[in-house]
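Per-entry structural report
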Amino acid sequence: MQGETRGGSVEISIEGLTKDYGDVRAVDGLTLEVSEAEVFGLLGPNGSGKTTTINCLTGTLKPTKGTLRVGEFDVQSQGEDARRIMGVSPQETAVYSYLTGKENVRLFGELYSVPRSLLGERVDYVMEKVGLTEDAGRRVSKYSGGMKRRVSIAMALVTDPRVVLLDEPTVGMDPQARRAVWDFIIELKDKGKTIVLTTHYMEEAEELCDEVGIIDHGRLIALGSPAELKVKSGAKDLEDVFIQLTGRRIREGA
Amino acid sequence: MKVARTLALAKKDWRRIIREPAFLFIIIVFPVMLTVAFGTSFGAVGGSQPSSLKVAVVTLGGNTTSSDKFGQDLRATGVVNVSYLADNKSAQSALSQGQLQAVVVLPSSFDASVRSFRAFPNEPGRWTNSTLSIYLDKGSAITAQVIPSIVQQVMTQGVLGVRPSQQALPLSVSTPAAVKVQGQSVFDSFAPGLFAFASIYMIMMVAQSFTAERENGLLNRILVTPATGADVVMGSVVSYLVIGLVQALLVFLCVYALGYHPVADASGVVVGFFIVTVFALCNIGFGLITAAISRSAGAATGISFIFLMPQLFLGTFVGASLSSTAQAAGRFLPAYYVTDALTSLFTRGASVTSQTVLTDLAVVSVSSVVILLVGVQVFKRFGNR
C-alpha cells in the first residue's frame, strides 16, 4: 500500500479520518500523506482536531471512520507493530514527577525494549540534545514547565524511532530551549526520520516543516509547503494564510 | 507481555513509594506505627488476660462411671467448661482451630485402672496402669499453666480419692503435648490481624496511583508504547506483591520485637507470609475498581474507603470485638481468612496442612485472584475514559 510522494515513500497515510465525540465531529474526513524523512506540520487553532488526529495515529483513540497507516502497519489492526516504530510526545506533559529526568527517559527506553547495552548511551544522547544533561539527575518535580516538556520529547526519542509525533512540542519553552529542540528536530529529519508536529506557533512551522496541513473545525483546509501556501494566498506568513482562509487569527480558537 | 517491561513498571512504582512521602507513610511507616502503638498499648501494659478455658474430654473407652466422675470433678473446679467428644481426631481438629484450649484423652483402660485401684489400693501389682494424654493450645500460657495441674488434682483427689502426696498410682498424666508457654496478652490476639490491617491500605494507594497516572496522561502515554494494558497491570501486581511481602516482614519484625512470638515453625511462617502476599492481589483488584469509578486521585482516596472499611472492621482483629452478626459478615471478606489463617498458624501453632489453614489459604487465593480479575476488567472497561 505504500505510495510515493514528492519526498519519497509514504510513511504515514491517513484516509477519510472522521472522529465523533457524541454529536460533536472533531475530525471530518481528513486525508493526507506524509513522506519518509519529511517534517509535516499540522496547524490549526485549539479545538481544530490536531490532537484528535495524533491520538488516532497513536491508537489511543478509535476513529469513527477512516484508515490510518504508520510505516507498513495499519494502526487499528497492527497497533503494537505501529507503536513500536513511533515515538510520541503528547500535548500534556506526561512525565513522572517522582522520577528524575534520566529515569523517565530510561523507563521509556525499557518499555520499547531498547537493548541494555545501548540504553545508557541513548539516554545520555537525547538528554544532551534537549539540553538537560546537567539536570538529568534531578527529580522532574523540581523542573520548570519547559524542562518537563523537554524531558517529554527525550522520552519520545530515546528509542531512535522511525516516525516521530510531537504534539505542541515547544509550548512553554524559553527561546533558547526552543531553538535546541528545533535543531534536534532538523537533525532527526536529516537522519531520515519522519516527523509530524502540531503547533500554533507559525514561525515554528515555517522554520521546521517541509509541508503543512492547515486544519479548522476538523477539516483540512489547506495543504502544501509553507512557501507554496504563502504564494497561493499572496500572504506574507502562515498566520496571514490562516486569516485569509478562515477570517480569524489562529490563536482565537476553532 | 515482557518480563523486562513488567519489571521496569514495577521499579517505577517502588521509586514512587520511597520518594513520595504520602505513599511511604501509608505503605511502610503507617503499618510500623500502628503495630508499635498496639503493641505498647495492649502488649506489655495489658498483661495476661484470663479467659474461659474450654476443655474437651475424649473417652476412648466410652462413657463410664469413672469418666463421668472425672468430668464432673473437672467441671466442679469452676475453671473450665467441659465437653465430651467421642474421638481424638475431632478433638484435635477443634483444638487446632481454636475452638478449645485443651483436650484430655482418657484411655480405654481408664475405668479398669480406677476400678483396680479401688479394689486393691495397696497392691500395685494388681492395678491396671493407664496414662492420660493432654493436648494444649500452644498459644495459651494460662492453659499450659492451669490445665495439667487441674487434671492431676482431679485424677488423684477426685477420681481415685487419694492425697496428692501418694507416690504410686495406676493413673499417670503424660507430658502435655506441644506446650510452649508464652505470655498471652490482648496484643497476642490482635497481632495476626495487623498483617491484614497494614495490607488493606494498599487499596487506596493502587487507586490513587492509577487515577493520578490517568489524570496526568501517563497511562495513555504508556499505552502508546509497545507496552500493553496487561504489562501495566502486571507491573502493578509485581510491585505491590513485593510491597505486601515487605509490609508483612516489617509487621512481623515489629510484633516480634514487642513480644508476640509466633509458635509456628519455619513452614508456618513461610505459609503465613505467602497468604499475606497473595492477599495483596485482592487489594490491587479493589484498587483498580476504585480507580475505575473515581474521577480524580482525590475522589479515589474517599471511594477507596468503601472497600477499606468493611475489611478493616470485619476482617481483621477489630472483628473479634464485634457482634456475632458482624463477625458472620466478616466471613464474606478475604481479610477475615487472612487473619484466621495467621491466628491458626502463628498463635495456635496449627500445622500448614491443617484443614483450617488450607481452607483459609484456598479462600484467600481464589477470592484474591477473582477480585483482581474483576478489577482488571472493570478498569479496562471504565478506567481509562
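The residue numbering used here restarts from 1 in each chain and proceeds along that chain's sequence as written. Each chain takes a letter, starting from A, and each ligand takes a number, starting from 1, following the order in which they are written. Confidence filtering applies because this is a predicted model: local features only for residues at pLDDT of at least 70, side-chain atom pairs given and counted only at 80 or more, and all residues used for totals across whole chains, interfaces and linings.

**Here's the deal with the overall build of chain B**
- Starting at the N terminus, helices and strands are each numbered in turn, a helix being any DSSP run of H or I of at least four residues and a strand any DSSP run of E of at least two. Looking only at helices and strands, chain B has 15 helices and five strands in total.
- Residues are called buried when their C-beta atom has 20 or more other C-beta atoms within 10 Å, exposed when it has 12 or fewer, and partly exposed otherwise; all C-beta atoms are positioned from the backbone. By residue count, 50% of the 385 residues in chain B fall in the buried class.
- In this description, a residue-residue contact is defined by the distance between C-beta atoms placed from the backbone, which must lie within 7 Å. Contacts spanning at least 24 positions in sequence make up 80% of the contacts within chain B whose residues lie at least 6 apart.

**Examining the overall build of chain A**
- Assigned secondary structure in chain A consists of nine helices and 11 strands.
- The size measure is the radius of gyration over C-alpha atoms, and the globule rule it meets is 2.2 Å times the number of residues to the 0.38 power. Against the globule reference of 18 Å for 254 residues, chain A gives a C-alpha radius of gyration of 18 Å, in line with a compact fold.
- Principal-axis analysis of the C-alpha atoms gives chain A an extent of 50 × 40 × 40 Å.
- Sorting the 254 residues of chain A into buried and exposed places 52% on the buried side.
- Taking contacts inside chain A between residues at least 6 apart in sequence as the whole, the part at least 24 apart equals 67%.

**Notes on helix H5 (residues 145-157) of chain A**
All names here are of chain A.
- The terminal C-alpha atoms of H5 lie 19 Å apart, and with 13 residues this matches the ideal 18 Å at 1.5 Å per residue to within 8%.
- Buried residues dominate H5, accounting for 10 of its 13 residues.
- Of the positions making up H5, those classed as buried are Met-147, Arg-149, Arg-150, Val-151, Ser-152, Ile-153, Ala-154, Met-155, Ala-156 and Leu-157.
- Elements in contact with the buried residues of H5: strand S7 (86-89), helix H3 (101-111), helix H4 (116-129), strand S8 (163-167) and helix H6 (175-190). Expected helix span is taken as 1.5 Å per residue step, with the number of steps being one fewer than the number of residues.

**Focus: the domain arrangement of chain A**
Residues and elements named next belong to chain A.
- Segmentation of chain A into domains returns domain 1 (1-53 + 62-82 + 162-168 + 188-254) and domain 2 (86-161).
- The partner domain 2 presents 10 residues to the 10 residues of domain 1 that form the contact.
- With five residues, the top contributor of residues to the side of domain 1 that touches domain 2 is S8.
- Note on residue categories: nonpolar means Ala, Val, Leu, Ile, Met, Phe, Trp, Tyr, Cys or Pro, charged means Asp, Glu, Lys or Arg, and polar means any other residue, Gly included. Taken together, the residues of the side of domain 1 that touches domain 2 sort by class into six nonpolar, one polar and three charged. For each domain, the first and last residues come from an automatic or database assignment.

**Overview of the sheet that holds strand S9 (residues 194-199) of chain A**
All names here are of chain A.
- Two strands pair under a simple rule: DSSP has to find at least two bridges between them. Pairing is mixed in the open sheet, where six strands are placed in the order S7-S8-S9-S4-S10-S11. Looking at which strands have only one partner, the edges of the open sheet turn out to be S7 and strand S11 (219-224). Averaged over all pairs of adjacent strands, the angle between their axes in this sheet comes to 15°, without regard to strand direction.
- Between N-to-C directions, angles cover 0 to 180 degrees, with each direction set by a line fitted to C-alpha atoms, over the stretch in contact for helices. Contacts between H5 and the sheet are confined to S7 and S8, with S7 contributing the most and set at about 170° to the helix.

**Some points on the sheet that holds strand S3 (residues 102-106) of chain B**
Residues and elements named next belong to chain B.
- Pairing is mixed across the open sheet formed by five strands, whose spatial order is S2-S1-S3-S4-S5. In this open sheet, the two edge strands, each paired with only one partner strand, are strand S2 (80-85) and strand S5 (171-173). Neighbour-to-neighbour, the strand axes of the sheet open up by a mean angle of 20°, direction not taken into account.
- Direction of pairing for strand S4 (residues 130-136) relative to S5: parallel, over a ladder of three bridges.

**With respect to the domain arrangement of chain B**
All names here are of chain B.
- The assigned domain composition of chain B is domain 1 (3-44 + 185-382) and domain 2 (53-173).
- Here the C-alpha centre of domain 2 lies 44 Å away from the C-alpha centre of domain 1.
- Contacts between the two partners involve 11 residues from domain 1 and, on the opposite side, seven residues from domain 2.
- The set of elements that each furnish at least two residues to the side of domain 1 that touches domain 2 consists of helix H14 (334-347) and helix H15 (355-382).
- Counting residues per element, the side of domain 1 that touches domain 2 draws most heavily on H14, which supplies three residues.
- In the side of domain 1 that touches domain 2, the residues fall into two nonpolar, seven polar and two charged.

**Brief notes about the nonpolar core**
- Ala154(A), Leu194(B), Ile203(B), Val206(B), Ile275(B) and Val338(B) are the most contacted members of the largest nonpolar core, which has 153 residues in total.
- Once you skip the residues sitting within four places of it in the chain, Val338(B) turns out to touch Phe195(B), Ala196(B), Ile275(B), Val276(B), Phe279(B) and Val364(B).
- Joining buried Ala, Val, Leu, Ile, Met, Phe, Trp, Tyr and Cys residues through C-beta atoms within 7 Å gives a set, and that set is a nonpolar core. Of all hydrophobic cores here, the second largest spans 32 residues; its members include Leu53(B), Leu95(B), Val104(B) and Ile134(B).

**Let's talk about the confidence of the model for chain A**
- pLDDT: the predictor's confidence for each residue, scored from 0 to 100. Counting all residues, the mean pLDDT for chain A is 90, and 95% of those residues have values of 70 or more.
- Looking at the elements of chain A, mean pLDDT is at its lowest for strand S1 (residues 4-5) of chain A, recorded as 46, and at its highest for H3(A), recorded as 96.

**What to know about the interface of chain B and chain A**
- Listed as interface residues are 20 residues of chain B and, on the opposing side, 19 residues of chain A.
- Listed by contribution, the elements that provide at least two residues to the side of chain B that touches chain A are helix H1 (3-19) and helix H9 (218-223) of chain B.
- Of the residues forming the side of chain B that touches chain A, the biggest block, seven residues, is contributed by H1(B).
- Residue composition of the side of chain B that touches chain A, by class: eight nonpolar, four polar and eight charged.

**Digging into the confidence of the model for chain B**
Residue and element names in this part refer to chain B.
- Counting all residues, the mean pLDDT for chain B is 84, and 89% of those residues have values of 70 or more.
- Scored below 50 in pLDDT, residues 44-50 shows 14 contacts in the model against residues more than four places distant or in partner chains.
- Within the model, the stretch residues 179-183 combines pLDDT values under 50 with 13 contacts to residues more than four positions away or in other chains.
- Taken over the whole predicted complex, pTM reads 0.73, whereas the ipTM for its chain interfaces reads 0.86.

**Quick notes on the packing of helix H11 (residues 266-293) of chain B against H14(B)**
All names here are of chain B.
- Viewed as axis vectors pointing N to C, H11 and H14 meet at an angle of 170°, and their least axial separation amounts to 10 Å. Relative to H14, the element H11 lies roughly antiparallel. Packed against H11, whose contacting residues are Gly-268, Val-271, Gly-272, Ile-275, Val-276, Phe-279 and Cys-282, the element H14 presents Pro-334, Val-338, Ala-341, Leu-342, Leu-345 and Phe-346 at the interface.
- By residue class, the composition of the contact of H11 with H14 is 11 nonpolar, two polar and no charged. Angles are sorted into four bins: roughly parallel if under 35 degrees, roughly antiparallel if over 145, roughly perpendicular if 65 to 115, and oblique for all others.

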